[in-house]
Amino acid sequence: MILNTFENEKKLPLNELLLERDEDGVKRTVPALNEKWKDSHCFTRYTSLPIRNGCLLQEGSAGLDQWLSETGWFIRDMEGLLELEHYRFWSTMVYNKSAIEAVISFTQLAVPCYLSGVIRSSEKVVPVYSAALRATLQVICRMITQRESDRCWIAREYLGDLLYKHYLISVPLLFDLLPVYGRENKTVLTQMLQTIFKLQPKYWFDLKTGLQFLQKTFNTIQQQLETDRLGGHSAGAATLNDLAIYSLDCCTVISLLVELCPDCRQMCTELGMEPAITGFYDNSIVPLYKNVHSMDNDSPYLNYLNAARMELLAAFRAIMNLELETVLNNPADSLVPADKFLCILTECLSDPIFVKDYQRHYSVERDLDILKQACRNLDTFKMKFVQDAYCQGETENGFTNGFSEPVPEDEECFGEAAGGVAAQETAEIAGPCSSGLKLTPEQQVDVNVQKVLDVLPHLGDGYVRKILSRYDDVEQAIAAVLEGNLPPDLAKADPTEPYIPADKLDTLYLETGIERLNVFDGDEFDVLVHDEIKGVMKKGKGMPGQPRNLKEMLDDKSHIQEMKNRYQEYTNVCDEYDDEYDDSFDAMADSESRAKVRLAPAMRNSLVDEFEDDEEDEQESEEQPPSSMGRKPLDFCENPELVRQRYEERRQSKFHARHGGQGTATAAASSGGPGKDVIGKPKGQGQDKSVLQNRKHKGENKSSRANHNRKQGATFKRSRGMMPS
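Each value, and the rule that gives it
- Residues numbered from 1 in each chain as written.
- Predicted model: local features only at pLDDT ≥ 70, side-chain atom pairs only at ≥ 80, totals over all residues.
- Heavy atoms only, no water.
- Helix = DSSP H or I, 4+ residues; strand = E, 2+ residues; numbered from the N terminus.
- Buried < 20%, exposed > 50% of the residue type's maximum accessible area, 1.4 Å probe, protein only.
- Contact = heavy atoms within 4.5 Å.
- Areas by Shrake-Rupley, 256 points an atom, 1.4 Å probe, with all protein chains shown as cover.
- Core = buried A, V, L, I, M, F, W, Y, C linked by side-chain atoms within 4.5 Å.
- Pairing = 2+ DSSP bridges.
- Salt bridge = Lys/Arg side-chain N within 4 Å of Asp/Glu carboxyl O.
- pLDDT = per-residue confidence, 0-100.
- Expected span 1.5 Å × (residues − 1).
- Arc of directions from axis to C-beta.
- Phe/Tyr/Trp six-rings, centres within 6.5 Å; stacked < 30°, edge-to-face > 60°.
- Lys NZ or Arg CZ within 6 Å of the ring centre and 35° of its normal.
- Axes fitted to C-alpha atoms, helices over the stretch in contact; angles between N-to-C directions.
- Parallel < 35°, antiparallel > 145°, perpendicular 65-115°, else oblique.
- Left-handed = near helix turned anticlockwise from the far one by under 90°.
- Nonpolar A, V, L, I, M, F, W, Y, C, P; charged D, E, K, R; others polar.
- Patch = residues over 30% accessible without salt bridge, like charges linked within 9 Å, V, L, I, M, F, W, Y side chains within 5 Å.

Colleague: What's the story with the overall build of the chain in this structure? I'm lost.
Modeller: Regarding its fold elements, the chain presents 32 helices and 5 strands. Considering the chain as a whole, with its 725 residues, one finds that 34% of them fall into the buried category. A separation threshold of at least 6 residues defines the contact pool for the chain, and within that pool the share at least 24 residues apart is 66%. Accessible surface, the chain as shown: approximately 45700 Å² in total, 51% of it carbon and sulfur.

Colleague: Would you explain the nonpolar core in this entry?
Modeller: Burial of nonpolar side chains together is a common tendency in soluble globular proteins. Membership of the largest hydrophobic core comes to 134 residues, with the highest contact counts inside it found for Trp90, Tyr129, Met143, Leu163, Ile169, Leu371 and Tyr390. Here this core takes 14 residues from helix H13 (residues 301-329), the largest share from any one element. If near-sequence neighbours (up to four positions away) are discounted, Leu163 is found in contact with Trp90, Met143, Ile144, Leu168, Ile169, Leu199 and Tyr203. In this structure, Val449, Tyr463, Ile467 and Leu486 belong to the second largest nonpolar core, which totals 18 residues.

Colleague: Explain the side chain of Ser284 here, please?
Modeller: Looking at the secondary structure, you find Ser284 in helix H12 (residues 273-295). Every residue in contact with Ser284, bar those within four places of it in the chain, is listed here: Phe218, Ile221, Gln222, Leu225 and Gly279.

Colleague: Would you take a moment to explain the side chain of Gln215 for this structure?
Modeller: By the secondary structure assignment, Gln215 is in helix H9 (residues 202-230). For Gln215, a relative accessible area of 16% translates into the label buried. With residues up to four places along the chain from it excluded, the contact list for Gln215 reads Leu271, Gly272, Met273 and Ala276.

Colleague: Looking at this structure, how should I read the pairing of strand S3 (residues 26-31)?
Modeller: One face of the sheet, then the other: side chains in a regular strand alternate in exactly this way. Strand direction decides the pairing type here: strand S2 (residues 18-23) and S3, joined by 6 bridges, are antiparallel. By the bridge assignment for S3, Leu18 is matched with Pro31. Counting the residues that bridge the hairpin from S2 to S3 gives 2 residues, and of these Asp24 lies at a positive phi of roughly 55°.

Colleague: Is there a simple way to explain the pattern of salt bridges in this structure?
Modeller: If charged atoms from side chains of opposite charge come close, those side chains can pair. Scanning the entire structure with this criterion turns up 19 salt bridges. The salt bridge involving Asp489 is made with Arg470; its shortest N-O contact spans 2.3 Å. In this pair, Asp489 is assigned in helix H22 (residues 488-492) and Arg470 in the loop between helix H20 (461-468) and helix H21 (474-483), connecting sequence segments 19 residues apart. Take Asp489: its relative accessible area is 42%, and that puts it in the partly exposed class. A salt bridge links Lys681 to Asp688, with the nearest nitrogen and oxygen atoms 3.9 Å apart.

Colleague: Explanation requested: the confidence of the model for the chain in the structure shown.
Modeller: Chain-level pLDDT for the chain is 78 on average; 75% of the residues reach the 70-or-more range. Under a pLDDT of 50 for its full length, residues 593-598 has, in the predicted model, 3 contacts with residues more than four places off or in other chains. For the stretch residues 602-618, pLDDT sits under 50, and the model shows 8 contacts to residues farther than four places along the chain or on other chains.

Colleague: For this particular structure, what's the right way to read helix H14 (residues 335-347)?
Modeller: In an α-helix, one turn spans 3.6 residues; hence positions three or four apart end up facing the same way. Taking 1.5 Å per residue, 13 residues should reach 18 Å; H14 reaches 18 Å between its end C-alpha atoms and fits that length. Within H14, the full set of buried residues consists of Pro337, Ala338, Phe341, Leu342, Ile344 and Leu345. Take H14 and look down its axis: the buried residues cluster within an arc of 160°, on one side only. On the buried face of H14, the contacting elements are H12, H13, helix H16 (364-374) and helix H17 (380-391).

Colleague: Hey, could you run me through the packing of aromatic side chains in this one?
Modeller: We describe a pair of aromatic rings using the distance from one ring centre to the other and the angle between the two ring planes. One pass over the structure, following the stated rule, counts 16 aromatic pairs. Between the aromatic rings of Phe218 and Phe280, the centroid separation amounts to 4.3 Å while the plane-to-plane angle is 20°, which identifies the pairing as stacked. Here Phe280 lies in helix H12 and Phe218 lies in helix H9, a separation of 62 residues in the sequence. Aromatic pair Tyr301 and Tyr304: ring centres 5.4 Å apart, planes at 85°, arrangement edge-to-face. In this pair, Tyr301 and Tyr304 both sit in helix H13, 3 residues apart, roughly one turn of the helix. Site record: aromatic cluster; members linked through ring pairs are Tyr46, Trp67, Phe74, Phe106 and Tyr129. It is Arg76 that lies over the ring of Trp73; its NZ or CZ is 4.4 Å from the centre. Positioned above the aromatic ring of Tyr289 is the side chain of Arg309, whose terminal nitrogen or guanidinium carbon lies 5.9 Å from the ring centre.

Colleague: Sorry, what's going on with the packing of H13 against H14 here?
Modeller: Helix-helix packing is characterised by the crossing angle of the two axes and by the distance between the axes. Two elements in contact, H13 and H14, have axes separated by 8 Å at closest approach and are oriented at 155°. With respect to their mutual orientation, H13 and H14 come out roughly antiparallel. The hand of the H13/H14 crossing is left-handed. Residues Phe316, Met320, Glu323, Leu324, Thr326 and Val327 of H13 form the contact with H14, whose participating residues are Pro337, Ala338, Lys340, Phe341, Ile344 and Leu345. When its residues are assigned to classes, the contact of H13 with H14 shows 9 nonpolar, 1 polar and 2 charged.

Colleague: It is not clear to me how helix H1 (residues 62-83) should be interpreted in this structure. Could you clarify?
Modeller: In this model H1 runs 32 Å from its N-terminal to its C-terminal C-alpha over 22 residues, within 8% of the 32 Å that 1.5 Å per residue would give. When we look at burial in H1, the residues that qualify are Leu64, Trp67, Leu68, Thr71, Gly72, Phe74, Ile75, Asp77, Met78 and Leu81. Contacts from the buried residues of H1 go to helix H2 (86-95), helix H3 (97-109) and helix H5 (125-143).

Colleague: Looking at this structure, I do not really get the environment of Ile370. What am I missing?
Modeller: Residue position: Ile370 is located in helix H16. Taking the relative accessible area as the measure of exposure, Ile370 reaches 25% and is therefore partly exposed. Linking Ile370 and Val327, residues 43 residues apart in sequence, is a C-alpha distance of 8.6 Å.

Colleague: Hey, could you run me through the environment of Cys251 in this one?
Modeller: Mapped onto the elements, Cys251 comes out in helix H10 (residues 237-260). Separated by 57 residues in the primary sequence, Cys251 and Ala308 have C-alpha atoms spaced 5.7 Å apart.

Colleague: When you look at a nonpolar patch on the surface in this model, what are you seeing that I'm missing?
Modeller: A cluster of nonpolar side chains, contributed by Leu550, Met553 and Leu554, occupies part of the molecular surface with about 320 Å² of accessible area. With respect to the element layout, Met553 can be found in helix H24 (residues 550-555). Given a relative accessible area of 46%, Met553 falls into the partly exposed group.

Colleague: Whenever I open this one, unusual backbone geometry confuses me. Can you help?
Modeller: Across the chain, the bulk of peptide bonds are trans and the bulk of non-glycine residues have phi less than zero. In this model, Lys11 sits at a positive phi of 55°, which is unusual for a non-glycine residue. Relative to the helices and strands, Lys11 is located in the loop between strand S1 (3-5) and S2. Within the chain, Tyr167 stands out as a residue other than glycine whose phi angle is a positive 55°. Mapped onto the elements of the fold, Tyr167 is located in the loop between helix H6 (156-165) and helix H7 (171-181).

Colleague: Hey, could you run me through the packing of H2 against H5 in this one?
Modeller: Following both chains from N to C, one finds H2 and H5 inclined at 100°, their axes separated by 11 Å at the closest point. Judged on the interaxial angle alone, H5 and H2 are roughly perpendicular. Contacts from His86, Phe89, Trp90 and Met93 of H2 reach H5 at Val139, Arg142 and Met143. Grouping the amino acids of the contact of H2 with H5 by side-chain chemistry returns 5 nonpolar, 1 polar and 1 charged.

Colleague: What is the right way to read the environment of Asn297 from this model?
Modeller: When you line up the elements, Asn297 lands in the loop between H12 and H13. Along the primary structure Asn297 and Glu483 are separated by 186 residues, whereas in three dimensions their C-alpha atoms are 9.3 Å apart.

If you want it as structure tokens, here you go:
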């Protein structure tokens, strides 16, 4: 039997306290925080409520009975932790991992505050869940309590390191606590957050990482919606509902965090949380609302999305209040925070839906009045721009709510009915009217039809035109469609009816009374309809500008001048001679023998007769003296000796021309190559620039020849039998 004695007469902290432990009659001194004092049994983890399709299972079902039994064991384990002595409680939390895992399981699987209505549907679930909720919160509060009594306490620094190093309290755990306890236990959570950040400042760095993760989550949800839209297919109802719940959870976390921990607002400003909130509001929440509404008009997830929008508005307002509080607390140095306040509002103008809803709930004009009174040197132009964008009625940019009647402050911006949201989204569409141009009635109708189709793309153009003809403005028409308050004739009409414009021929027949069946009737070249015709009308033969008769055509000499101008261009060709022309092709052509052609005797005689009958050729041949290099008329193959001799003479003349008269290849080689003198003048008389350049070129390229390829040359000779192997 093990006997434990807890004596702390000196009132030492837990980290310095030593206790006596009696094991088999031997008394040993053991630290108060030690693995030997832990409760070693395995703690029960919490299981989530059996919810299907947003509703709790009926009482008496097997799933609900199992949850009640397992939750009862979980509650007893949490109450057992609370009943442990101080040193045994901390030893269990530190050295028994199942204890903290049980606490974390409840924070992750508990029902958040926005789904609390599901719990109230069963009388058996409410007391059990409330007991689990209370016991878990008490365990977490005991973990961050520094002093329970004079004898049961722990040093502040040691407690902070204990919580941080052993992951007893973490930022993900805090993020899970906010949606579960945030609405009904704000005071407790506020004190909890303040205590945790005081005990361990390292949690601020983890909180910054958590806020960055929230920003990435906003981008991930937006990318998911854009991927589905660009892919040409819409997500299923289950996927949209999951995204709606997930979005509401993230919005609740950021809203409660800035509300319960005001010190983190500065960190949100540094991370740029304001544009992230406004972008997520316009680019994710609103499209998600449209998709869910298109699936089911009465979906309960529409209310969740409305709640998410309200959470984002509250979070943005809390962050913006930081700048206003700075201005009011220190009016002398209020220029920088006031200018930052205006810059944030200006940047948010790219998200018009958020701007309208924010103006409806939080008066921007009141904030601007505070800035005017506190900061005298503020840029009036920038302030006037923000005031016009947020507070003016129907502006050119359309950044107003578009409602003529005042909206009560306590009225929700988004009702449960889809008509209110659709009407607000329609008001943000900036049509061609915003550019100041006057539109014709037909153009205005087209603009209104496009506005309706942007909100309700499944309707047909013709059906939309019929609806707009019954209502004064676009908002009333959209609201009537969404609420199902259309007249009986429109309600029975085909919603996909297309718009077929009037035929021009029918209009022409009504105007003139003439019915024709030509496809070109009524166009801009129709002489029977228009008095003035575009273009040139051809009458008679020929085309405009051409000769009218044969005499005029023959007298036209314009083509002669064109030919003169054309041939004049050929006189501008420059005759350039290239000294580096390679005669290898000519030498090859001369060295090759011409193809021998065998002719019949009769053909040969005929050729001879042709040469004999040609008197002019005979006279020229007699006048010219015979040459040893000349060719006879019937020489089909030239003497090879003459060809080689002529080629050698040409090569020698070319070599002398290139090497300045050096007659041998040895002289050329000694000069560093063809046309490159590397010898130069005698030493002491100076050298020309060309000689120095030739020497440099020879030194850089000598590795390609001479003694640097001796091995290759020796191999070649050995392969030919010129060297003994």
